[in-house]
Amino acid sequence: MDGNGRWAKKHGQPRVFGHRNGVQSVREATEAAAELGVEYMTLYAFSTENWGRPKAEVNALMTLLVQTIRKEIATMNKNNIRLKAIGDLEQLPSKSHKALLEGIENTKNNTRMTLVLALNYSAKWEILKAVKTLAQEAKDGKIDPKGISEATFDDALSTKGIPHPELLIRTSGEQRISNFLLWQIAYAELAFLPIYWPDFRKQHLYQAIIDYQNRERRFGKTSDQISDSE
Ligand code: IPE
Ligand code: MG
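Bear in mind the structure is a predicted one, so any value in this text is a computation, not a measurement.

(A) Focus on the packing of helix α2 (residues 15–36) against helix α3 (residues 55–78). Two numbers describe how α2 lies on α3: the axes approach to 10 Å, and their chain directions differ by 30°. Considering the angle they form, α2 stands roughly parallel to α3. Taken as a pair, α2 and α3 cross one another with a handedness that is right-handed. Together, Arg15, Val16, His19, Arg20, Val23 and Arg27 of α2 and Glu57, Ala60, Leu61, Leu64, Thr68, Lys71 and Glu72 of α3 make up the contact between the two elements.

As structure tokens, then:
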């Protein structure tokens, strides 16, 4: 979700105005995904690097997080959506952390779609954490280093149990990954949309998915191999 600040600037407003308006886009994206039968959607809401922003903006984002989660729990339950979070959650302000855990707890039995919030998340942080966990287990004799597989590594990440994304969408025209799910997006299709996040509507998700469906995912194979197996 990128471009809140630029969207606000375009409207002659402070950056926080953009973040506030971005909440409606979160609603639209979540609702549209659930309606389409998407089972998992992960939103990159706050990166580890975002702590470096002005204090007032960080505070506003954290407050918005608490307010939004509290406000949307009922809707998530109505729509059978389960909330999850990835990232270094313990480092969040205690109010935000508490609201998040409440949201997760109150929606844990929902089954239609899992909405994952990446908060205080960085892919390099997550990968290093997994490496440390596995190294310690090897040192303790619990695992054989030779036996470490992609599946073992998957299970050491905070996305354990969550399928790798098939499609990654970034708004605002930036064409970067910015430390998001680096291991998990190895074969994801990438879509860079030239719109700011607060302008994102259901239609944009539909179009991104249609474009995705028209691409040929070869996973390193040739085009002929793919069409033969269909
Ligand atoms: C939203 O957009 C992303 C968040 C960190 C919440 P930005 O705040 O990065 O907006 P731009 O990139 O400055 O326009
Ligand atoms: Mg940005």
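(B) Structural detail: helix α7 (residues 202–213). End to end, α7 covers 17 Å across 12 residues, agreeing with the expected 16 Å (1.5 Å per residue, within 8%). Of the residues making up α7, those classed as buried are Lys202, Leu205, Ala208, Ile209 and Tyr212. Looking straight down α7, one finds its buried side chains confined to an arc of 130°; they lie on one side. Residues of α7 that are buried in the fold lie against α2, β4 (167–170) and β5 (189–192).

(C) Representation of the sheet that holds strand β1 (residues 40–47) in the model. Read across the sheet, three strands follow the order β1-β3-β2 without closing on themselves; strand pairing throughout is parallel. The open sheet has two edge strands with one neighbour each: β1 and β2 (81–86). This sheet shows a mean twist of 20° between the axes of neighbouring strands, independent of strand direction. Sheet topology places β2 next to strand β3 (residues 113–121); six bridges connect them, and they run parallel. The residue of β3 that forms the bridge with Ile86 is Ala118. Set on the sheet, α3 makes contact with β1, β2 and β3; between it and β3 the angle comes to about 165°. Strands in contact with helix α4 (residues 94–106) are β2 and β3; relative to β2, the strand with the most contacts, it is inclined by about 140°.

Criteria and thresholds
- The residue count restarts for each chain, going from 1 along the sequence in the order it is written.
- Chains and ligands are labelled by the order in which they are written, letters from A for the one and numbers from 1 for the other.
- Per-residue local features are limited, in this predicted model, to residues with pLDDT of at least 70; the limit for side-chain atom pairs, both in listing and counting, is 80 or more; totals at the level of whole chains, interfaces and linings are taken over all residues.
- Hydrogens and waters are ignored; side-chain quantities use all the structure's heavy atoms.
- To define axes, lines are fitted to C-alpha atoms, for helices over the stretch in contact only, and angles between the resulting N-to-C directions are given on a 0 to 180 degree scale.
- Here a helix means four or more residues in a row that DSSP labels H or I, a strand means two or more in a row labelled E, and each is numbered from the N terminus.
- These descriptions rest on fixed angle ranges, namely under 35 degrees for roughly parallel, over 145 for roughly antiparallel, 65 to 115 for roughly perpendicular, and the rest for oblique.
- Should the near helix be turned counterclockwise from the far one by less than a right angle, the crossing is left-handed, whereas a clockwise turn marks it as right-handed.
- Two residues qualify as a contact provided that any one of their heavy atoms is within 4.5 Å of a heavy atom in the partner residue.
- Take the number of residues in a helix, subtract one, and multiply by 1.5 Å to get its expected span.
- Burial classes follow relative accessibility: with a 1.4 Å probe on protein chains only, a residue under 20% of its type's maximum area counts as buried, one over 50% as exposed, and anything between as partly exposed.
- The directions considered for the arc run from the helix axis to the C-beta atoms.
- The pairing criterion for strands is at least two bridges between them, as found by DSSP.

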